[in-house]
There are 2 protein chains.
Amino acid sequence: MRFTSEQRLDDGVLEREFTLGEIPGILWTPGSASAPAPLILLGHPGGLHRMYPRLAARARHCAADGFATATIELPGSGDRPRSAAAEQARAEVRRAVEAGQPVGEDTVDRLILPLVDTSVPEWRAALDALLALPGIGGPVGYSGGVIAIGIRLAVVEPRISAAVLFAGSFVPRALFEEARRVTIPLHVLLQWDDEGNDRQSALDLFDAFGSEEKTLNANMGGHTGVPRSAGDAAAGFFTRHLGARHTG
Amino acid sequence: MRFTSEQRLDDGVLEREFTLGEIPGILWTPGSASAPAPLILLGHPGGLHRMYPRLAARARHCAADGFATATIELPGSGDRPRSAAAEQARAEVRRAVEAGQPVGEDTVDRLILPLVDTSVPEWRAALDALLALPGIGGPVGYSGGVIAIGIRLAVVEPRISAAVLFAGSFVPRALFEEARRVTIPLHVLLQWDDEGNDRQSALDLFDAFGSEEKTLNANMGGHTGVPRSAGDAAAGFFTRHLGARHTG
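The rules behind the values
Residues numbered from 1 in each chain as written. Chains lettered and ligands numbered in written order. Predicted model: local features only at pLDDT ≥ 70, side-chain atom pairs only at ≥ 80, totals over all residues. Heavy atoms only, no water. Buried < 20%, exposed > 50% of the residue type's maximum accessible area, 1.4 Å probe, protein only. Helix = DSSP H or I, 4+ residues; strand = E, 2+ residues; numbered from the N terminus. Pairing = 2+ DSSP bridges. Right-handed = clockwise from strand over helix to strand, strands pointing away. Phe/Tyr/Trp six-rings, centres within 6.5 Å; stacked < 30°, edge-to-face > 60°. Lys NZ or Arg CZ within 6 Å of the ring centre and 35° of its normal. Axes fitted to C-alpha atoms, helices over the stretch in contact; angles between N-to-C directions. Parallel < 35°, antiparallel > 145°, perpendicular 65-115°, else oblique. Left-handed = near helix turned anticlockwise from the far one by under 90°. Contact = heavy atoms within 4.5 Å. Nonpolar A, V, L, I, M, F, W, Y, C, P; charged D, E, K, R; others polar. Core = buried A, V, L, I, M, F, W, Y, C linked by side-chain atoms within 4.5 Å. Buried area = accessible area lost by both parts, 1.4 Å probe. Salt bridge = Lys/Arg side-chain N within 4 Å of Asp/Glu carboxyl O. Polar contact = N/O pair within 3.5 Å; in protein donor to acceptor, adjacent residues only side chain to side chain.

Looking up chain A in an unreviewed UniProt entry gives the name Alpha/beta hydrolase, with the organism given as Streptomyces antioxidans.

Draft legend 1. Region of the structure containing the pairing of strand 6 (residues 136-144) of chain B. Residue and element names in this part refer to chain B. Extensive coverage of strand 6 is indicated by the burial of seven of its nine residues. Pairing between strand 4 (residues 37-43) and strand 6: six bridges, direction parallel. Counterpart to I40 in the pairing with strand 6 is G141. Here strand 6 runs beside strand 7 (residues 160-166); their pairing, made up of four bridges, is parallel. Within the sheet, the bridge partner assigned to Y142 lies in strand 7 and is A163. Viewed along the sheet, the connection from strand 6 through helix 4 (residues 147-156) into strand 7 turns out right-handed.

Draft legend 2. Up close: the packing of aromatic side chains. Here the structure, examined in full by the defined rule, presents ten aromatic pairs over all chains. Consider the rings of F206 of chain A and W192 of chain B, whose centres lie 4.8 Å apart with planes at 85 degrees: the pair is edge-to-face. With F206 of chain A in helix 6 (residues 199-208) and W192 of chain B in the loop between strand 8 (186-191) and helix 6 (199-208), this pair bridges two chains. The class for F206 of chain A is buried, based on a relative accessible area of 1%. Here the aromatic residues F67, F237 and F238 of chain A are joined through ring pairs into a cluster of three or more. Positioned above the aromatic ring of F3 of chain A is the side chain of R16 of chain A, whose terminal nitrogen or guanidinium carbon lies 4.7 Å from the ring centre. Directly above the ring of F206 of chain A sits K214 of chain A, whose terminal nitrogen or CZ lies 5.2 Å from the centroid.

Draft legend 3. Local environment of the packing of helix 2 (residues 84-98) of chain B against helix 3 (residues 105-131) of chain B. All names here are of chain B. Their axes nearest at 9 Å, the elements helix 2 and helix 3 cross at an angle of 135 degrees. Looking at the two axes, helix 2 sits oblique to helix 3. Helix 3 is crossed by helix 2, and the crossing has left-handed handedness. Contacts from A86, Q88, A89, R90, E92 and V93 in helix 2 reach T107, R110 and L111 in helix 3. Grouping the amino acids of the contact of helix 2 with helix 3 by side-chain chemistry returns four nonpolar, two polar and three charged.

Draft legend 4. Here's a closer look at the nonpolar core. Among the nonpolar cores identified, the biggest contains 118 residues, and I149 of chain A together with I149 of chain B are the most heavily contacted of them. For I149 of chain A, the residues in contact, after removing those within four places along its chain, are L74, L115, V116, S119, V120, W123 and Y142 of chain A.

Draft legend 5. Region of the structure containing the environment of A86 of chain B. All names here are of chain B. Of note, A86 is situated in helix 2. Residue classification places A86 among the buried positions, given a relative accessible area of 17%. Each C-alpha atom of the pair A86 and R110 lies 6.8 Å from the other, and the pair is 24 residues apart in sequence.

Draft legend 6. Structural context of unusual backbone geometry. The step from G138 of chain A to P139 of chain A runs through a cis peptide bond, and the omega angle for that step is -10 degrees. Within the fold, P139 of chain A resides in strand 6 (residues 136-144).

Draft legend 7. Examining the interface of chain A and chain B more closely. Taken together, the contact between chain A and chain B spans 17 residues of the former and 17 residues of the latter. For the pair chain A and chain B, the summed buried surface comes to about 1400 Å²; carbon and sulfur atoms form 54% of the total. The largest contributions to the chain A side of the interface with chain B come from W192, L216 and M220 of chain A, which together make up 31% of the buried area. In this structure, the connection of chain A to chain B is made through two salt bridges. D207 of chain A serves as the salt-bridge partner of R199 of chain B, at 3.2 Å between the closest nitrogen and oxygen. Remark: the boundary between chain A and chain B carries ten residue pairs in polar contact (both at pLDDT 80 or more). Of all elements in the fold, only helix 6, strand 9 (214-219) and helix 7 (228-242) of chain A reach the threshold of two or more residues within the side of chain A that touches chain B.

So, in structure tokens, the structure goes:
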């Protein structure tokens, strides 16, 4: 992990861009912290530059609660090389959505399964590097982004002890089986009228999770209309489970 | 409205029992309040004595957030006269549940519709009397209890401006139509594995509400297993919508 830039945001949060091999990423740490800060991995749909305003807003919110946050670019997004197969599947999804047709399971599998298989080891490698930094401690949470990545991470990565998942993207059927093996506390956000998301499938997925402690927080509106109160509820979930102290 | 007893609880909350005609009720007011306190009506399944520990706990939680709370006995519960028809329907429900059978729509109608028709005017009369007291102001919220009563109140009582509803009791089909006419902000609690509650029906009801702002907060566990975090989320909802000030 190599830091490539560093800036102090106006609320004191330290923002550092880094590369992990060929993968770009960003780390945010609270301005004042006496003890190592718990870490939240910020998921996203791909495209760090495009997503930066929303990621930075989430990072600042988390920093105010005492959390460090970090994210990395997804394979095939931003400046990272494209895969022909993924681009093909992505085009099929776009055509189906534009035509108001359901997206085929096979298309979802070809889009999401390779993404999960490639990105999850990358997030785990980032976690190795991040937890080795001074000022970053455990426990670790995962928040948002492609829900299939969150599911796989929750199953295979024992250092992640709580997750906020956003039921707003495609989930291959195979991941429903993995969901049954998730046991960490979950806080699942659902936008009730999400244009690109099948509500019943999201409810089935929530039901499938094996966690004894799981909350579904469903709100009105479309994909990007998550209300402020839902963000606050997710923040409260992390504070309960990762035990950050408020740094004011 | 006539007060019949008064006691100061150890956290300073003033608890007063009253009767409104033949109907017993309880009013809790925060220990210290400089301005008239917003009021939350506390719903329950009937039986004030049996429900007292849980009602008092909710009342103290609300008082800490600056709210006054009040409740009245339901018709046919506690010391109030029974109706033969309601007792008959209640016995049918019990037999169906014990036999693991679905409860017939006709039985639900005979149990719940007369309860709603009788109790809603009583809650409104209680509201008239409560809002005339010094130290009690608006806005008014309704919380929990028999959800069909909450739906009807939200439709017919313009002084209620936000409601926390518990999707945990029978809802006659006719009330689904009334649910479409509810427009106030709603926070709906659902216990995912509620023994006596049909989950799909609860989700359909949530979908039916006409409110632009509605949140479904679903948690693991049975009817009485609502986690503390869900109570806190409901309290946050009232604080946002009824604007109580913290009294410390």
